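A look at the structure
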Amino acid sequence: MRIAVFDENEARLHVQALVEMLTQSVEDGALVGFVLPFDEPQALTHWEGVFRSVSEGERLLICADIDGRVVGTVQLYLSPEPNAPHRAEVYKLLVHRDFQRQGIGLALMQAVEREAMSRKRSLLLLDTVEGGASERLYRRLDWHEVGSVPHHFVDPHGQPKVSIYFMKHLPL
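In this text, all values refer to a predicted model and were calculated from it rather than measured experimentally. (Residues numbered from 1 in each chain as written. Predicted model: local features only at pLDDT ≥ 70, side-chain atom pairs only at ≥ 80, totals over all residues. Heavy atoms only, no water.)

Structural notes on helix α2 (residues 15-27)
Put simply, the rule is: Working definition: helices are DSSP H or I runs of at least four residues, strands are E runs of at least two. Numbering for both runs from the N terminus. Each residue after the first adds 1.5 Å to the expected span of a helix. Think of it in three bands: residues with accessible area under 20% of the maximum for their type are buried, residues over 50% are exposed, and the middle band is partly exposed, with areas taken using a 1.4 Å probe on protein chains only. The contact rule is simple, with two residues in contact once any of their heavy atoms fall within 4.5 Å.
Taking 1.5 Å of rise per residue, 13 residues should cover 18 Å, and α2 covers 18 Å from first to last C-alpha, within 8% of that figure. All of the buried residues in α2 are Leu-18, Val-19, Met-21, Leu-22, Thr-23, Gln-24, Ser-25 and Val-26. Close packing links the buried residues of α2 with α1 (8-13), α3 (40-55), β2 (59-66), β3 (69-78) and β4 (87-95). Gly-29 lies just past α2 and shows a positive phi near 100°.

Right, dumping it as C-alpha coordinates:
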(Lines give C-alpha, C1' and ligand atoms only; values in the text may rest on other atoms or scores of the structure.)
Protein backbone atom coordinates (compact mmCIF):
# COMPACT_ATOMS: atom_id res chain seq x y z
CA MET A 1 0.00 0.00 0.00
CA ARG A 2 1.21 3.48 -0.87
CA ILE A 3 0.03 6.56 1.01
CA ALA A 4 0.66 9.83 -0.82
CA VAL A 5 -0.47 13.42 -1.03
CA PHE A 6 -2.04 13.85 -4.46
CA ASP A 7 -1.78 17.09 -6.37
CA GLU A 8 -4.66 18.10 -8.62
CA ASN A 9 -3.25 16.32 -11.66
CA GLU A 10 -2.69 13.01 -9.90
CA ALA A 11 -6.10 13.21 -8.25
CA ARG A 12 -7.77 13.76 -11.62
CA LEU A 13 -6.14 10.57 -12.89
CA HIS A 14 -8.08 8.72 -10.18
CA VAL A 15 -11.35 10.64 -10.35
CA GLN A 16 -13.45 7.59 -11.20
CA ALA A 17 -12.15 5.67 -8.17
CA LEU A 18 -12.78 8.71 -5.95
CA VAL A 19 -16.32 9.12 -7.31
CA GLU A 20 -17.03 5.42 -6.78
CA MET A 21 -15.66 5.47 -3.24
CA LEU A 22 -17.71 8.53 -2.22
CA THR A 23 -20.87 7.20 -3.85
CA GLN A 24 -20.63 3.81 -2.18
CA SER A 25 -19.76 5.41 1.17
CA VAL A 26 -22.95 7.47 1.07
CA GLU A 27 -24.93 4.40 -0.06
CA ASP A 28 -23.43 2.46 2.87
CA GLY A 29 -24.60 5.14 5.32
CA ALA A 30 -21.43 7.17 5.87
CA LEU A 31 -22.05 10.62 7.29
CA VAL A 32 -19.89 12.64 4.94
CA GLY A 33 -22.25 15.50 4.14
CA PHE A 34 -24.64 13.93 1.64
CA VAL A 35 -28.09 12.34 1.66
CA LEU A 36 -29.78 9.80 -0.58
CA PRO A 37 -30.49 9.74 -3.39
CA PHE A 38 -26.87 10.43 -4.27
CA ASP A 39 -25.37 9.79 -7.67
CA GLU A 40 -22.12 9.98 -9.61
CA PRO A 41 -22.71 13.51 -10.98
CA GLN A 42 -23.10 14.79 -7.40
CA ALA A 43 -19.93 12.96 -6.38
CA LEU A 44 -18.07 14.39 -9.37
CA THR A 45 -19.19 17.91 -8.42
CA HIS A 46 -17.86 17.33 -4.91
CA TRP A 47 -14.49 16.11 -6.18
CA GLU A 48 -14.18 19.03 -8.62
CA GLY A 49 -14.46 21.35 -5.62
CA VAL A 50 -11.82 19.35 -3.76
CA PHE A 51 -9.50 19.48 -6.79
CA ARG A 52 -9.85 23.29 -6.94
CA SER A 53 -9.11 23.55 -3.23
CA VAL A 54 -6.04 21.31 -3.63
CA SER A 55 -4.78 23.40 -6.55
CA GLU A 56 -5.23 26.59 -4.49
CA GLY A 57 -3.24 25.11 -1.59
CA GLU A 58 -6.20 25.18 0.82
CA ARG A 59 -6.24 21.46 1.45
CA LEU A 60 -4.29 18.27 1.03
CA LEU A 61 -5.81 15.19 -0.53
CA ILE A 62 -4.11 12.15 0.97
CA CYS A 63 -4.80 8.86 -0.77
CA ALA A 64 -4.06 5.20 -0.22
CA ASP A 65 -3.51 3.08 -3.26
CA ILE A 66 -2.91 -0.60 -3.74
CA ASP A 67 -1.39 -1.62 -7.06
CA GLY A 68 -2.34 1.76 -8.54
CA ARG A 69 -5.98 1.63 -7.37
CA VAL A 70 -7.10 4.33 -4.94
CA VAL A 71 -8.80 2.54 -2.03
CA GLY A 72 -8.88 5.25 0.62
CA THR A 73 -8.64 8.98 1.07
CA VAL A 74 -8.75 11.75 3.65
CA GLN A 75 -8.52 15.53 3.38
CA LEU A 76 -6.61 18.00 5.51
CA TYR A 77 -7.96 21.54 5.32
CA LEU A 78 -5.25 24.05 6.21
CA SER A 79 -6.90 26.96 8.02
CA PRO A 80 -6.06 30.15 6.13
CA GLU A 81 -7.07 32.57 8.87
CA PRO A 82 -4.22 34.83 10.02
CA ASN A 83 -4.89 33.94 13.66
CA ALA A 84 -4.92 30.17 13.02
CA PRO A 85 -1.74 29.21 11.16
CA HIS A 86 -1.27 26.40 13.67
CA ARG A 87 -4.61 24.69 12.96
CA ALA A 88 -6.04 22.26 10.39
CA GLU A 89 -9.23 20.24 10.02
CA VAL A 90 -9.62 16.64 8.92
CA TYR A 91 -12.39 15.90 6.43
CA LYS A 92 -13.98 12.85 4.85
CA LEU A 93 -11.97 9.79 5.78
CA LEU A 94 -13.18 7.24 3.21
CA VAL A 95 -12.13 3.65 2.63
CA HIS A 96 -13.51 1.56 -0.22
CA ARG A 97 -15.94 -1.04 1.14
CA ASP A 98 -13.82 -3.91 -0.26
CA PHE A 99 -10.77 -2.71 1.69
CA GLN A 100 -12.20 -1.84 5.10
CA ARG A 101 -10.78 -3.34 8.29
CA GLN A 102 -7.32 -3.67 6.74
CA GLY A 103 -5.62 -0.74 8.46
CA ILE A 104 -6.10 1.74 5.63
CA GLY A 105 -8.04 4.26 7.75
CA LEU A 106 -5.33 4.03 10.40
CA ALA A 107 -2.58 4.59 7.83
CA LEU A 108 -4.42 7.58 6.36
CA MET A 109 -4.90 9.17 9.78
CA GLN A 110 -1.23 8.66 10.63
CA ALA A 111 -0.36 10.32 7.32
CA VAL A 112 -2.67 13.25 8.15
CA GLU A 113 -0.78 13.80 11.37
CA ARG A 114 2.63 13.62 9.66
CA GLU A 115 1.55 16.03 6.92
CA ALA A 116 0.08 18.44 9.47
CA MET A 117 3.27 18.44 11.51
CA SER A 118 5.41 18.98 8.40
CA ARG A 119 3.32 22.10 7.74
CA LYS A 120 3.66 23.36 11.34
CA ARG A 121 0.04 22.57 12.22
CA SER A 122 -0.07 21.61 15.88
CA LEU A 123 -3.84 21.46 16.40
CA LEU A 124 -6.12 19.16 14.42
CA LEU A 125 -9.90 19.17 14.60
CA LEU A 126 -12.58 16.87 13.21
CA ASP A 127 -16.12 15.72 13.79
CA THR A 128 -17.71 12.32 13.33
CA VAL A 129 -20.92 10.48 14.05
CA GLU A 130 -21.40 9.09 17.53
CA GLY A 131 -20.99 5.32 17.73
CA GLY A 132 -19.37 4.75 14.35
CA ALA A 133 -16.18 2.96 13.39
CA SER A 134 -14.45 6.31 12.87
CA GLU A 135 -15.16 7.36 16.44
CA ARG A 136 -13.47 4.19 17.69
CA LEU A 137 -10.48 4.77 15.40
CA TYR A 138 -10.00 8.37 16.58
CA ARG A 139 -10.16 7.34 20.22
CA ARG A 140 -7.54 4.61 19.61
CA LEU A 141 -5.32 7.27 18.03
CA ASP A 142 -5.55 9.44 21.18
CA TRP A 143 -7.85 12.08 19.78
CA HIS A 144 -9.69 13.90 22.58
CA GLU A 145 -13.42 14.49 22.59
CA VAL A 146 -14.27 18.13 23.14
CA GLY A 147 -18.04 17.85 22.91
CA SER A 148 -21.06 16.50 21.14
CA VAL A 149 -23.98 18.09 19.35
CA PRO A 150 -27.32 16.23 19.28
CA HIS A 151 -29.16 16.34 15.96
CA HIS A 152 -26.19 18.06 14.35
CA PHE A 153 -26.75 16.42 11.00
CA VAL A 154 -28.78 13.69 9.36
CA ASP A 155 -27.49 10.42 7.95
CA PRO A 156 -27.95 9.60 4.25
CA HIS A 157 -31.44 8.30 5.07
CA GLY A 158 -32.49 11.54 6.81
CA GLN A 159 -32.21 10.27 10.40
CA PRO A 160 -30.84 12.82 12.91
CA LYS A 161 -27.45 11.93 14.39
CA VAL A 162 -25.16 13.17 17.13
CA SER A 163 -21.80 14.52 16.05
CA ILE A 164 -18.77 14.30 18.28
CA TYR A 165 -16.01 16.87 17.96
CA PHE A 166 -12.43 15.75 18.50
CA MET A 167 -9.10 17.53 18.71
CA LYS A 168 -5.51 16.47 18.83
CA HIS A 169 -2.41 18.45 19.72
CA LEU A 170 0.64 17.46 17.71
CA PRO A 171 4.27 18.01 18.65
CA LEU A 172 6.24 20.35 16.40
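On we go from here.
A closer look at the nonpolar core
Let me state the cut-off plainly: Grouping buried Ala, Val, Leu, Ile, Met, Phe, Trp, Tyr and Cys residues that are joined through side-chain atoms within 4.5 Å yields what is termed a nonpolar core.
Counting 27 residues, the largest nonpolar core has Val-74, Leu-76, Val-90, Met-109, Leu-124, Tyr-138 and Trp-143 as the members making the most contacts within it. Residue assignment for this core shows that the elements contributing at least two residues are β2, β3, β4, α4 (104-118), β5 (123-129), α5 (133-140) and β7 (160-169). Every residue in contact with Leu-76, bar those within four places of it in the chain, is listed here: Glu-58, Arg-59, Leu-60, Ala-88, Glu-89, Val-90, Val-112, Glu-115, Ala-116 and Leu-124. Residues Met-21, Leu-22, Val-50 and Val-70 belong to the second largest nonpolar core, which totals 20 residues.

Focus: the environment of Asp-39
One can find Asp-39 in the loop between α2 and α3. The class of Asp-39 is partly exposed, set by a relative accessible area of 38%. Spatially, the C-alpha atom of Asp-39 lies 6.4 Å from that of Thr-23, the residues being 16 residues apart in sequence.

Quick word on α5
As a reminder, the rule being used: Throughout, the arc means that of the directions going from the helix axis to the C-beta atoms.
Three or more residues of α5 are buried, namely Glu-135, Leu-137 and Tyr-138. The buried side chains of α5 occupy one side of the element, clustering within an arc of 160° when seen end-on. Buried residues along α5 sit against β4, α4, β5 and β7. One or two residues past the end of α5 sits Asp-142, with phi positive at roughly 65°.

The values are spatial; any link to function lies outside them.
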